Amino acid sequence: MRNDVRTLREATGLSQAALGAELGVSRQTVNSIENGKYDPSLPLAFAIARHFHLTIEEIFHVDD
């Protein structure tokens, strides 16, 4: 699954650590999500979407 977390995070000027702190996860978790190595749980995906004022579908994209 592709996602726009890195682009959104960088556009808002947040570090991975800062975003992780706001979401209640580690910097490593944010890094893994950004690199497509970890798909977030549904509650975490909702938290990411809420943080950026977007829907989950606008952030996470299923590869065909």
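Note on numbering: residues in each chain are counted from 1, in written sequence order. Local features in a predicted model are, by the rule used here, given only for residues with pLDDT of at least 70; side-chain atom pairs are given and counted only at 80 or more, and totals for whole chains, interfaces and linings are based on all residues. Side-chain metrics rest on all non-hydrogen atoms present in the structure, leaving aside hydrogens and water.

(A) Focus on the overall build of the protein. Numbering of helices and strands runs from the N terminus; a helix is a DSSP stretch of H or I covering at least four residues, while a strand is a stretch of E covering at least two. What the protein contains, in helices and strands, is five helices and two strands. Along the protein, helices and strands appear, N-terminal first, in the series β-α-α-α-α-α-β. As a reference, a globule follows 2.2 Å times the number of residues to the power 0.38, and the radius of gyration itself is taken over C-alpha atoms. A globule of 64 residues ought to have a C-alpha radius of gyration of about 11 Å, and the protein, at 10 Å, matches this closely. When its C-alpha atoms are laid out on the principal axes, the protein stretches across 30 × 25 × 20 Å. Exposed residues in this analysis have more than 50% of their type's maximum accessible area, buried residues have under 20%, and partly exposed residues fall in between, with area computed by a 1.4 Å probe over protein chains only. Each of the 64 residues in the protein was classed as buried or not, and the buried ones make up 36%.

(B) Local environment of the nonpolar core. Counting 16 residues, the largest nonpolar core has Val5, Leu19, Ile48, Ile59 and Phe60 as the members making the most contacts within it. Residue assignment for this core shows that the elements contributing at least two residues are helix H1 (5-11), helix H2 (16-23), helix H3 (27-34), helix H4 (42-51) and helix H5 (56-59). In terms of residues, this core owes the most to one element, H4, which gives five residues. Residues count as neighbours in contact if any of their non-hydrogen atoms are within 4.5 Å of one another. The residues contacting Val5, other than those within four sequence positions of it, are Leu19, Ile33, Glu34, Ile48, Ile59 and Phe60. What makes a nonpolar core is a set of buried Ala, Val, Leu, Ile, Met, Phe, Trp, Tyr and Cys residues whose side-chain atoms join them at distances within 4.5 Å.

(C) How the structure looks around the UniProt feature "domain: HTH cro/C1-type" (unreviewed entry) in the protein. UniProt positions are given in the numbering used here, feature names are shortened, and annotations may be inferred rather than shown by experiment. In this numbering, the UniProt entry assigns the feature "domain: HTH cro/C1-type" (unreviewed entry) to residues 5-59. Along residues 5-59, the helical share is 67% and the strand share 0%, with 7 Å between the first and last C-alpha atoms.

(D) Quick peek at unusual backbone geometry. Although it is not a glycine, His53 adopts a positive phi angle of roughly 55°. Note on placement: His53 falls in the loop between H4 and H5. Note on His53: relative accessible area 72%, which makes it exposed.

(E) Spatial organisation of the pattern of salt bridges. Salt bridge, as used here: a side-chain nitrogen of Lys or Arg that lies within 4 Å of a carboxyl oxygen of Asp or Glu. As enumerated under the stated definition, the model contains three salt bridges in all. Between Arg6 and Glu34 there is a salt bridge whose closest N-O contact spans 3.8 Å. Note that Arg6 is positioned in helix H1 and Glu34 in helix H3, a separation of 28 residues in sequence. Of the charged contacts, one joins Arg9 and Glu34 as a salt bridge, the two residues approaching to 2.5 Å between their closest N and O atoms. Taken as a pair, Arg9 in helix H1 and Glu34 in helix H3 lie far apart in primary sequence, 25 residues in all. Like Arg9, the residue Glu34 is buried in the burial classification. Here the salt bridges share partners, and the residues they tie into one network are Arg6, Arg9, Glu10 and Glu34.

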